[in-house]
Amino acid sequence: VSTMNAKTSSKGEEEASGLRNETLGESGFLGEAKRRQVIRVAYVIAALDLTFLFMQMGVMPYLAKSLGLDSVGFGYLQTTFGVLQLVGGYIFGRFADQFGARAALILSCVSGSVFFLLMSLSTSIPLLFLSRLPGVFMHGIPGAQKVITDMTTPSQRAGALGKLGFCFGVGIIAGSALGGVLSTKLGIYVPMYVGLVGSLINTLIAMVCIPSRTKPESDHHVTEHRPSQSDSLFSIREILRLMKFPGVMEVFIVKVFAGFPIGLFMIMFSIISMDFFGLEAVESGYLMSYFGVLQMVVQGLVVGKLSSHCTEMTLLRLSVFVFAGVGLGMALMRTVWHYCIIAVPLVFAFSMLATITDSILTKAVPSSDTGAMLGICASVQPLTRTVGPTIGGVLYKQFGVSSFGYLQLMVNLGLFIYLLKSKIPLGEMKS
């Protein structure tokens, strides 16, 4: 009788499990195979988006120069884009939380289409500045991160987010090469036409292949009825509320300051490569391709494996410590070959820091706020691009290239000591 009851109970559980799976499937909670497929689609969209973005970045200085924009004006143009991205990052994240990852990705792709359309029509400086406006909603990487965050369990998240670095490497290599070849062979506006068509294709891919619901029904229920959530897409109160969750403020401070000195260096890199390293434009392109390959290898192969064997706090401390060593190397480097050697730990630390902090911060807040948190994280680089030209210019002019290395060393040594002594709670927030 006991055996018969056990079999009956087991059969009943299997039937209930099948019924539950069917119900979850109808409500939008996808199976494992389908989730993997959607994550792959998000990788494709991110890789294409970055390819088109780097394609126009390589052509932009020449387009601006052909329209009569001097170096100061070009700096204003870059700052304008940085400010728009800074403001739009959090708004985009809140939009993703309220309307879903699919709607956010479609918004980013449509904004990219308008961006390239306006660039293809930019025959004067005012039109060129006007073409920057859609940049406020161009956030392909945060959109893909939102899809991946919704589709993965907390234990899978760091590895899945790390693979986005492979897409970044593809974007750097393919975008830089395509932009140079197309503009040289067919004209300076041809990359803009290609970006326009590509962004429209990305929009169709997002509409067809990304499901309208990427989280279980319970998560959407929490999102829609959580009384503390403001209806406004931009709310300082909401930002402060997210920063009050355990560990969020501490990890976010590390994220901002650990990479800030190297961010200043990268902003000034075009000038440093010419004046300090003595590189030609073609050689600078080769160096960027080298960075792209390193990015693909590190984030595609290394970050995911380490995240499955080490705790996130260990990896966070490791990235900050490596960053400090990179600072010492930058302070002592004299040739471009020194920089090529330093680039290996630099890319490792930069990739690890970005991936681990994004993973920690999205797990520290409710699932209904992951989009907003990713939007805040995405605003770090635009913030550096906004204030970086002024600070980086002063450092380079007054103290030389070694000043970036010493600043990197001092800041990250301080952060490493802070991480060793502080007890940052890394609790995982449930919906």
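Residues numbered from 1 in each chain as written. Predicted model: local features only at pLDDT ≥ 70, side-chain atom pairs only at ≥ 80, totals over all residues. Heavy atoms only, no water.

- As annotated in an unreviewed UniProt entry, the protein chain carries the name Organic cation transporter-like protein 2 and is attributed to Panurus biarmicus.
- Per UniProt, the comment on the protein chain under Subcellular location (unreviewed entry) is "Apical cell membrane".
- A UniProt comment under Function (unreviewed entry) is attached to the protein chain, and it reads "May act as a transporter of organic cations based on a proton efflux antiport mechanism. May play a role in the transport of chloroquine and quinidine-related compounds in kidney. Plays a role in the regulation of lipid metabolism." (UniProt positions renumbered as here; feature names shortened; annotations may be inferred.)

## Side note on the nonpolar core
Now for step 1: Counting 63 residues, the largest nonpolar core has Phe-265, Tyr-339 and Phe-404 as the members making the most contacts within it.
Now for step 2: Of all the elements, helix H17 (residues 336-364) adds the most residues to this core, at 15 residues.
Now for step 3: With near-sequence residues (within four places) excluded, Phe-404 lies in contact with Pro-261, Leu-264, Phe-265, Met-268, Ile-272, Met-330, Gly-392, Leu-395 and Tyr-396.
Now for step 4: Core analysis: the next-biggest nonpolar cluster, separate from the first, contains 21 residues, Ile-39, Met-151, Leu-161 and Ile-210 among them. (Core = buried A, V, L, I, M, F, W, Y, C linked by side-chain atoms within 4.5 Å. Buried < 20%, exposed > 50% of the residue type's maximum accessible area, 1.4 Å probe, protein only. Helix = DSSP H or I, 4+ residues; strand = E, 2+ residues; numbered from the N terminus. Contact = heavy atoms within 4.5 Å.)

## A closer look at a nonpolar patch on the surface
Now for step 1: A contiguous nonpolar patch, built from Leu-328, Leu-332, Tyr-406 and Met-410 and spanning about 430 Å² of accessible area, is present on the exposed surface.
Now for step 2: Mapped onto the nonpolar patch, the elements with two or more residues apiece are helix H16 (312-332) and helix H20 (402-421).
Now for step 3: Note on placement: Met-410 falls in helix H20.
Now for step 4: For Met-410, a relative accessible area of 58% puts it in the exposed group. (Patch = residues over 30% accessible without salt bridge, like charges linked within 9 Å, V, L, I, M, F, W, Y side chains within 5 Å. Areas by Shrake-Rupley, 256 points an atom, 1.4 Å probe, with all protein chains shown as cover. Salt bridge = Lys/Arg side-chain N within 4 Å of Asp/Glu carboxyl O.)

## Quick word on empty space enclosed by the protein
Now for step 1: Summed over the entire model, instances satisfying the criterion amount to 1 cavity of 30 Å³ or more.
Now for step 2: Put simply, the largest cavity is a space of about 50 Å³.
Now for step 3: Forming the walls of the largest cavity are Asp-49, Phe-52, Leu-53, Ser-108, Cys-109, Gly-112, Phe-116, Met-138 and Ser-199.
Now for step 4: Looking at which element gives the most residues to the lining of the largest cavity, the answer is helix H4 (residues 101-120), with 4 residues.
Now for step 5: Here the residues of the lining of the largest cavity sort into 5 nonpolar, 3 polar and 1 charged. (1 Å grid on protein atoms, 1.4 Å probe; cavity = no way out; pocket = protein on both sides within 12 Å on 5 of 7 lines; lining within 4 Å. Points joined across faces, edges and corners; volume = space filled by probe spheres on them. Nonpolar A, V, L, I, M, F, W, Y, C, P; charged D, E, K, R; others polar.)

## Considerations on the side chain of Ser-403
Now for step 1: The residue Ser-403 is located in helix H20 in this model.
Now for step 2: What makes Ser-403 buried here is its relative accessible area of 10%.
Now for step 3: Looking at Ser-403, its side chain comes within polar contact range of the main-chain oxygen of Leu-395, at 3.5 Å. (Polar contact = N/O pair within 3.5 Å; in protein donor to acceptor, adjacent residues only side chain to side chain.)

## Looking at the packing of helix H6 (residues 140-151) against helix H18 (residues 370-378)
Now for step 1: Packing of H6 against H18 brings their axes to within 10 Å, and their N-to-C directions diverge by 145 degrees. For H6 against H18, the interelement crossing comes out right-handed. The segment H6 lies against H18, with Pro-142, Gln-145, Lys-146, Thr-149 and Asp-150 engaging Thr-370, Gly-371, Leu-374 and Ala-378. (Axes fitted to C-alpha atoms, helices over the stretch in contact; angles between N-to-C directions. Left-handed = near helix turned anticlockwise from the far one by under 90°.)

## Section: the confidence of the model for the protein chain
Now for step 1: Confidence in the prediction of the protein chain, expressed as mean pLDDT, is 78, and 85% of residues score 70 or more.
Now for step 2: Below pLDDT 50 for its whole length, residues 1-28 participates in 5 contacts with residues either more than four positions away or in separate chains.
Now for step 3: This stretch, residues 218-230, has a pLDDT under 50; its non-local contacts, to residues over four places away or in other chains, come to 25 contacts. (pLDDT = per-residue confidence, 0-100.)

## Concerning the pattern of salt bridges
Now for step 1: A complete count under the given rule lists 4 salt bridges for this structure.
Now for step 2: A salt bridge links Asp-358 to Lys-255; the shortest N-O distance between them is 3.0 Å. Here Lys-255 lies in helix H12 (residues 248-258) and Asp-358 lies in helix H17, a separation of 103 residues in the sequence.
Now for step 3: Of the charged contacts in the structure, one is a salt bridge between Glu-312 and Lys-363, with a shortest N-O distance of 2.8 Å. Note that Glu-312 is positioned in helix H16 and Lys-363 in helix H17, a separation of 51 residues in sequence. Take Glu-312 and Lys-363: they sit in the same class, and that class is buried.
Now for step 4: Through salt bridges with shared partners, one network takes in Asp-97, Lys-146 and Asp-150.

## Topic: the environment of Val-411
Now for step 1: Structurally, the position occupied by Val-411 is in helix H20.
Now for step 2: Given a relative accessible area of 25%, Val-411 falls into the partly exposed group.
Now for step 3: Separated by 157 residues in the primary sequence, Val-411 and Val-254 place their C-alpha atoms 9.8 Å from one another.
Now for step 4: Excluding residues within four positions of it along the chain, Val-411 makes contact with Phe-257 and Pro-261.

## Comments concerning H4
Now for step 1: Taking 1.5 Å as the rise per residue, H4 with 20 residues should run 28 Å; its terminal C-alpha atoms sit 29 Å apart, in good agreement.
Now for step 2: Buried residues of H4: Ala-101, Ala-104, Leu-105, Ser-108, Cys-109, Ser-111, Gly-112, Ser-113, Phe-115, Phe-116, Met-119 and Ser-120, and no others. (Expected span 1.5 Å × (residues − 1).)

## A look at the environment of Ser-359
Now for step 1: Take Ser-359: it is sitting in helix H17.
Now for step 2: Along the sequence, Ser-359 and Glu-312 sit 47 residues apart, while their C-alpha atoms lie 8.5 Å from each other.
Now for step 3: Apart from the residues within four sequence positions on either side, Ser-359 is in contact with Arg-157, Ala-158, Leu-161 and Glu-312.

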